[in-house]
Amino acid sequence: MAVALSFDPDHETVALRDGDTGVGALAAGEYGSRVGAPRILRLLESSAIPATFFMPAVSALLHPDEVRSYVSGGHEVALHGWIHERLDQLSPAEERELAHRSADALERLCGTRPVGLRTPSWDFTASTLGLIRELGLEYDSSLMADDEPYEILEDGAPTGVVEIPVEWIRDDYPYLASGRLQEAPRQVLGVWKDEFDAAYASGGLFQLTCHPHVIGHRSRLVVLEELIAHMRSRPGVWFATHAQVARYVRSQDGGPAESRAS
Ligand SMILES: [Zn+2]
């Protein structure tokens, strides 16, 4: 089976997108960069696990050393919009402009061109797939039509673009963000363990989405620590970046659609 952990360092961008330059809102986002991200990096390093960081370009520009720490740690940095924009409020031309600007900014900061996209808030417009293909991306990680990776079709025709599917069930935000309806963090651990165990039994994919300003808090990070310990206790688990999973799927005979059936 494969485990693909992802972290979305949105930090201050959601507030900035909404024009909220209040110190309080920005500080809550800044926590993700100052505290959450370094804690996550230490945990990944001590566990020898690579991950993918989907980072809005504005967040990356505000925190260039953080981006470099992801790259030097052997992790993947991938696209997550310009400023966590709401795609459904943009014209096709605006969405295209921000997509290209984001890819250029991340390439400058990382030294390599990103190969994957997670759209902000998992929005997906009628233009998005065309932009993924125009940018030459290998995969998307914004859609929810399966537990396992699948190929996105366009008008019924294969595109070669691999979807690494997400779900709110495997996202820290709805359960653990402060100010939201609270679950005891360890209850969430039970949900995620069940998701992992079922994927393990079927030889499938366990994909997780977390945010440094959410999971990075002390009472939340322990959930990730215990989940990682549980996953590492099982033999035969491949911990991979989203790009590595996408490339594995694309390397299978017949491409993504065939690999699902095999
Ligand atoms: Zn985000």
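Residues numbered from 1 in each chain as written. Predicted model: local features only at pLDDT ≥ 70, side-chain atom pairs only at ≥ 80, totals over all residues.

Asker: Which parts of the structure should I look at to understand the overall build of the protein?
Answerer: When helices and strands are tallied, the protein shows 12 helices and 9 strands. What you see for the protein is a C-alpha radius of gyration of 17 Å, in line with the 18 Å of a compact globule of 262 residues. Seen through its C-alpha atoms, the protein measures out along the principal axes to roughly 50 × 45 × 35 Å. Taken over 262 residues, the protein has a buried fraction of 43%. (Helix = DSSP H or I, 4+ residues; strand = E, 2+ residues; numbered from the N terminus. Rg over C-alpha atoms; globule rule 2.2 N^0.38 Å. Buried ≥ 20, exposed ≤ 12 C-beta atoms within 10 Å, placed from the backbone.)

Asker: Got a minute to help me understand the environment of S142 in this structure?
Answerer: One can find S142 in the loop between strand 5 (139–140) and strand 6 (150–154). The spatial distance from the C-alpha of S142 to the C-alpha of F53 is 14 Å, given a sequence separation of 89 residues.

Asker: Would you explain the nonpolar core in this entry?
Answerer: Generally speaking, nonpolar side chains in soluble globular proteins are found buried as a group. Counting 60 residues, the largest nonpolar core has A4, V77, L106 and V245 as its most contacted members. Counting residues per element, this core draws most heavily on helix 5 (residues 92–110), which supplies 7 residues. Apart from the residues lying within four places of it in its own chain, the contact partners of V245 are A2, A4, P149, I164, L205 and A240. (Core = buried A, V, L, I, M, F, W, Y, C linked by C-beta atoms within 7 Å. Contact = placed C-beta atoms within 7 Å.)

Asker: Sorry if this is basic, but what is going on with the environment of L43 here?
Answerer: For L43, the position within the fold is in helix 2 (residues 23–47). For L43, a count of 17 C-beta atoms within 10 Å puts it in the partly exposed group. For the pair L43 and L224, spaced 181 residues apart in sequence, the C-alpha separation works out to 8.9 Å. Setting aside its immediate chain neighbours within four residues, L43 contacts L224, E225 and I228.

Asker: Quick question: what am I supposed to make of the environment of L205 here?
Answerer: Along the chain, L205 falls in strand 8 (residues 205–210). A sequence separation of 204 residues divides L205 from M1, and the C-alpha atoms of the two residues are 5.9 Å apart. When neighbours within four sequence positions are excluded, L205 is seen to be in contact with M1, A2, A4, D147, E148, P149, A199 and V245.

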